[in-house]
Amino acid sequence: MAKAEIRRIVMDMVDENCYIVYKDGRGVIVDPGEGFDRIQKAVDELNVKIEAILLTHAHFDHIMSLDECRKHYGVPVYISGHERDWLQNPDFNGSTLFRLRRPPMTEPAEFEFEENKKYEIAGLSFTVLPTPGHSPGGVSFDFGKFIVVGDALFRSGFGRYDLYGSDYDALKNSLGNVLFKLDGAKIVYPGHGDETTIERERNLNLIGF
């Protein structure tokens, strides 16, 4: 049986990582940042039928191409209910703070995730883990061998906690009691920068456990 595979696309704005997760010719887009043409090129190269868009959180750099992807592929969007209003609000998603000339203004997501629930979408099985702190509705998608964590965790670092809705204590809990409890060999795909592993980041202990 084929296993889920992942393709990283480094986007134009602040080197945000968009991902295509796919298996058997079907797939999802995770966090479509600025640069729809790059996403479309990767999808075409992989020859994948996109069936949904998953958002780890709704900061502007992770949703700049959301409307283009949604309309082009005709698929629904999934987001945490804690950020259900962020797609339409530039104050919440950071567009105002960073003075974007073209802030993303999108329609509401079609679906809201249930935390700690296992989903089956596009032939892919994954669990939605709550990892708030960088933002109140931050979630991670655990596909088994690998996990997509948004901006909760980076290689040799972790997410900012000085933005609207951020919470240091929540972020620390997300790392110590959620992500760092996972199998150390699990590959971590963050919202910015290169991949890492749970074990590597857990051993660095940058947030003080």
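Scroll up for the structure.
Residues numbered from 1 in each chain as written. Predicted model: local features only at pLDDT ≥ 70, side-chain atom pairs only at ≥ 80, totals over all residues. Heavy atoms only, no water.

Q: Can you tell me about the state of the cysteines, naming the residues and giving the values?
A: Following the criterion strictly, the structure yields zero disulfides and no others. Here Cys18 stays unpaired: no disulfide links it, and the sulfur of Cys69, its closest cysteine neighbor, is 6.5 Å away. Owing to a relative accessible area of 0%, Cys69 belongs among the buried residues under this scheme. (Disulfide = S-S within 2.5 Å. Buried < 20%, exposed > 50% of the residue type's maximum accessible area, 1.4 Å probe, protein only.)

Q: Describe in detail the sheet that holds strand β4 (residues 49-54), supporting the description with residues and values.
A: The strand order across the open sheet built from six strands is β1-β2-β3-β4-β5-β6, with neighbouring strands paired in mixed fashion. In the strand order of this sheet, the two ends are held by β1 (5-10) and β6 (111-113), each with one partner. On average, each strand axis in the sheet is inclined to that of its neighbour by 25 degrees, with strand direction left out of account. Relative to strand β2 (residues 17-23), β1 is paired through six bridges, and the arrangement is antiparallel. Following the sheet pairing, Glu5 is matched in β2 by Tyr22. Each of β1, β2, β3 (26-30) and β4 touches helix α1 (residues 36-46); the most contacted strand, β1, lies at about 150 degrees to it. Its contacts with the sheet put helix α2 (residues 66-73) on β3, β4 and β5 (77-80), and the angle it makes with β4 is roughly 145 degrees. (Pairing = 2+ DSSP bridges. Helix = DSSP H or I, 4+ residues; strand = E, 2+ residues; numbered from the N terminus. Axes fitted to C-alpha atoms, helices over the stretch in contact; angles between N-to-C directions. Contact = heavy atoms within 4.5 Å.)

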